[in-house]
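Overview (structure and organization)
This is what each chain is made of:
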Amino acid sequence: MSLSVRVIPCLDVDNGRVVKGVNFVDLRDAGDPVEMAKVYDAEGADELTFLDITASSGNRSTTFDVVGRTADQVFIPLTVGGGVRTPDDVDRLLRAGADKVGINTAAIDRPEVIAEIAHRFGSQVLVLSVDARRSAEQPSGFEVTTHGGRRSAGIDAVEWARRATELGAGEVLLNSMDADGTKDGFDLEMIRAVRDVTQVPLIASGGAGRLEHFPEAIEAGADAVLAASVFHFGDLTIGQVKETLRAAGHRVR
Amino acid sequence: MTRPRVAVLDYGSGNLRSAVRAVERAGAEVELTADARVAAEADGLLVPGVGAFESCMKGLEAVDGVRIIERRLIAGRPVLGICVGMQILFAEGIEHGVRTKGCGEWPGVIERLQAPIVPHMGWNTVEPGEGSRMFAGLEDERFYFVHSYGLRDWVLSQPPAFPDPQVTWTEYAEERFVSAVEHGPLWATQFHPEKSGDAGLRLLQNWLATL
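Note that the coordinates shown come from a computational prediction; the quantities given were computed from them, not determined experimentally. (Residues numbered from 1 in each chain as written. Chains lettered and ligands numbered in written order. Predicted model: local features only at pLDDT ≥ 70, side-chain atom pairs only at ≥ 80, totals over all residues. Heavy atoms only, no water.)

1. A few points about the overall build of chain B
- Assigned secondary structure in chain B consists of six helices and 13 strands.
- Sorting the 211 residues of chain B into buried and exposed places 58% on the buried side.
- By sequence separation, contacts in chain B at least 24 residues apart represent 69% of the contacts at least 6 residues apart.
- Of the roughly 8,500 Å² of accessible surface on chain B, a fraction of 47% belongs to carbon and sulfur atoms.
- In chain B, 20 side chains carry a positive charge and 28 a negative one; their mean positions are 5 Å apart. (Helix = DSSP H or I, 4+ residues; strand = E, 2+ residues; numbered from the N terminus. Buried < 20%, exposed > 50% of the residue type's maximum accessible area, 1.4 Å probe, protein only. Contact = heavy atoms within 4.5 Å. Areas by Shrake-Rupley, 256 points an atom, 1.4 Å probe, with all protein chains shown as cover. Lys, Arg positive; Asp, Glu negative; His and termini not counted. Charge placed at Lys NZ, Arg CZ, Asp CG, Glu CD.)

Right under this line is the structure:
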């Protein structure tokens, strides 16, 4: 017996409400992140990720409220990303009930913030979120993007993952902007490339559409798989994904 | 039946809110406190922990936590350490080559895990000893771990203050480390019961039943 692979649903939260396509039949309020968190917990989710896409930082207090209410009722790990720029932002989220925080743009702008956060709270608290796409401009063939994949950050995604984990990021959430929304499967080459240069857990994201996509991501080197819309729309359940992983010879909870 | 009173020690470390809510859900009356008297008088003391050994020891010393734990144990009053809250119960920890003295309730050194992928993150199994009270009914469950350091060698050699320590082990990659200890009134887990879903809540209930 050993460590199991993790299946992680991701909720995009805007001003305290889940957005980006939610179609739950058995929920009184499909937009309430706490309600959805409870459903995913009951279905066997191994962790939950909240991505706070709230445009104006004035509404961050709503996010803290959502995180707190979720943590009060759902006793599995909670990662919160979006708007994290400083160690004090991390402190506030942890106090609100988050267990891990995701960092993205702020780390690209100022990589030292990774070391600052890791030093104060430990590496295990910090998930480096990398939105990457294929690009002939970079040595690895993959580049980091910002603004939801619309802009190039001008840096090599694989090299960035390596450097950020050396600086102290304890986990990498690798999101393929090419695959995102296609339902054609994860970008396995990109997973392999990042796996080869990092020694921290790797979460594959972007492109999940069918059950067989999940074992492929694990076999390419991911330790966890993350998906949003396939779960929100009920196309696939967490139970089905775990059953498929188990049948493929991977350990699941 | 009256609910046991649990103090969660607030020493600046840990996912305090999650710890408080989970122990409440498990059936206790919970107070989050840095007050030595409240911590001393509660039926159970929970020492949470997230982060680094050295900074946790500093935080613990700042609230006189080492002495609070020591005194409770002398009086046979239950203490539960979680994650770094377990690690600091041992003699010392080594992080980045720096040795930090721990509470010394148990001998042994907390060291970095030697595995291809660290932190050890996710749901793993446990191998409790025969007759474990902590894992009663939970022997086949998985618990949530997130840590880069651990205890490889259980080296209790001097006559222990309390008889029969129960040591639970977990395997990760090529590593094998102590994932829980039950020893008289002192219990500890390397994993996070407060983040381990129903299995974690039932483990906390097993602890509350001893208070």
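Now that the structure has been shown, the text picks up again.
2. Points about the sheet that holds strand β12 (residues 175-183) of chain B
Residue and element names in this part refer to chain B.
- The strand order across the open sheet formed by seven strands is β2-β1-β3-β4-β13-β12-β11, and the pairing between neighbours is mixed. Two strands close off the open sheet at either side, each with one partner strand: β2 (29-33) and β11 (166-172). Neighbour-to-neighbour, the strand axes of this sheet turn through a mean angle of 25 degrees, independent of strand direction.
- Here strand β3 (residues 44-47) pairs with strand β4 (residues 79-82) via three bridges, running parallel. Residue pairing across strands places Leu45 opposite Val79, the latter belonging to β4. (Pairing = 2+ DSSP bridges. Axes fitted to C-alpha atoms, helices over the stretch in contact; angles between N-to-C directions.)

3. Here's the deal with the interface of chain B and chain A
- Between chain B and chain A, the residue contacts involve 29 residues of the former and 33 residues of the latter.
- Summed over both sides, the interface of chain B with chain A buries roughly 2,700 Å², with 56% coming from carbon and sulfur.
- The largest contributions to the chain B side of the interface with chain A come from Arg17(B), Met121(B) and Trp123(B), which together make up 25% of the buried area.
- In this structure, the salt-bridge partner of Arg17(B) is Asp72(A), at a minimum N-O distance of 2.9 Å. (Buried area = accessible area lost by both parts, 1.4 Å probe. Salt bridge = Lys/Arg side-chain N within 4 Å of Asp/Glu carboxyl O.)

4. Some thoughts on the nonpolar core
- Residues Ile103(A), Leu128(A), Val130(A), Trp160(A), Ile191(A), Phe214(A) and Phe231(A) are the most contacted members of the largest nonpolar core, which totals 75 residues.
- Counting residues per element, this core draws most heavily on helix α6 (residues 157-167) of chain A, which supplies five residues.
- Setting aside anything within four residues of it in sequence, one finds Ile191(A) in contact with Leu174(A), Phe186(A), Leu202(A), Ala204(A), Ala217(A), Ala220(A), Gly221(A) and Ala222(A).
- Phe75(A), Val8(B), Phe191(B) and Leu208(B) belong to the second-largest nonpolar core, a separate cluster that totals 69 residues. (Core = buried A, V, L, I, M, F, W, Y, C linked by side-chain atoms within 4.5 Å.)

5. Considering the sheet that holds strand β7 (residues 106-112) of chain B
All names here are of chain B.
- Strand order in the open sheet formed by four strands is β6-β5-β7-β10, and the pairing between neighbours is mixed. Among the strands making up the open sheet, the edge pair consists of β6 (98-101) and β10 (149-151). Here the strands of the sheet are splayed against their neighbours by 25 degrees on average, with no regard to which way each runs.
- One ladder, built from three bridges, connects β7 with β10; its direction is antiparallel. Across the sheet, the residue bridging to Arg112 is Tyr149, located in β10.

6. Let's talk about the UniProt feature "active site" (unreviewed entry) in chain A
Residue and element names in this part refer to chain A.
- This chain's UniProt record puts "active site" (unreviewed entry) on Asp12 and Asp131.
- Counting through the fold element by element, Asp12 comes out in strand β1 (residues 6-14).
- In this structure Asp12 comes out as buried when scored by relative accessible area, which is 10%.
- By secondary structure assignment, the location of Asp131 is in strand β6 (residues 126-134).
- A relative accessible area of 13% means that Asp131 is categorised as buried.
- Setting aside residues up to four positions removed in sequence, Asp131 forms contacts with Asn104, Glu143, Val144, Thr145, Asn175 and Met177. (UniProt positions renumbered as here; feature names shortened; annotations may be inferred.)

7. With respect to the UniProt feature "active site" (unreviewed entry) in chain B
- If you check UniProt for "active site" (unreviewed entry), the listed places come out as Cys83(B), His192(B) and Glu194(B) in our numbering. Annotated residues spanning 112 residues; largest pairwise C-alpha distance 10.7 Å, indicating a single compact cluster.
- With respect to the secondary-structure elements, Cys83(B) resides in the loop between β4 and α5 (84-87).
- The exposure class assigned to Cys83(B) is buried, which follows from its relative accessible area of 3%.
- The contacts of Cys83(B), once residues within four sequence positions are left out, are Gly49(B), Val146(B), Thr189(B), Gln190(B), Phe191(B) and His192(B).
- Looking at the secondary structure, you find Glu194(B) in the loop between β13 (186-189) and α6 (197-208).
- Overall, Glu194(B) belongs to the buried group, its relative accessible area being 1%.
- In this structure, Glu194(B) is in contact with Phe75(A), Asn15(B), Ser18(B), Ala19(B), Ala22(B), Ile82(B) and Leu204(B), ignoring residues within four places of it in sequence.
- One polar contact links Glu194(B) to His192(B), side chain to side chain, over a distance of 2.7 Å. (Polar contact = N/O pair within 3.5 Å; in protein donor to acceptor, adjacent residues only side chain to side chain.)

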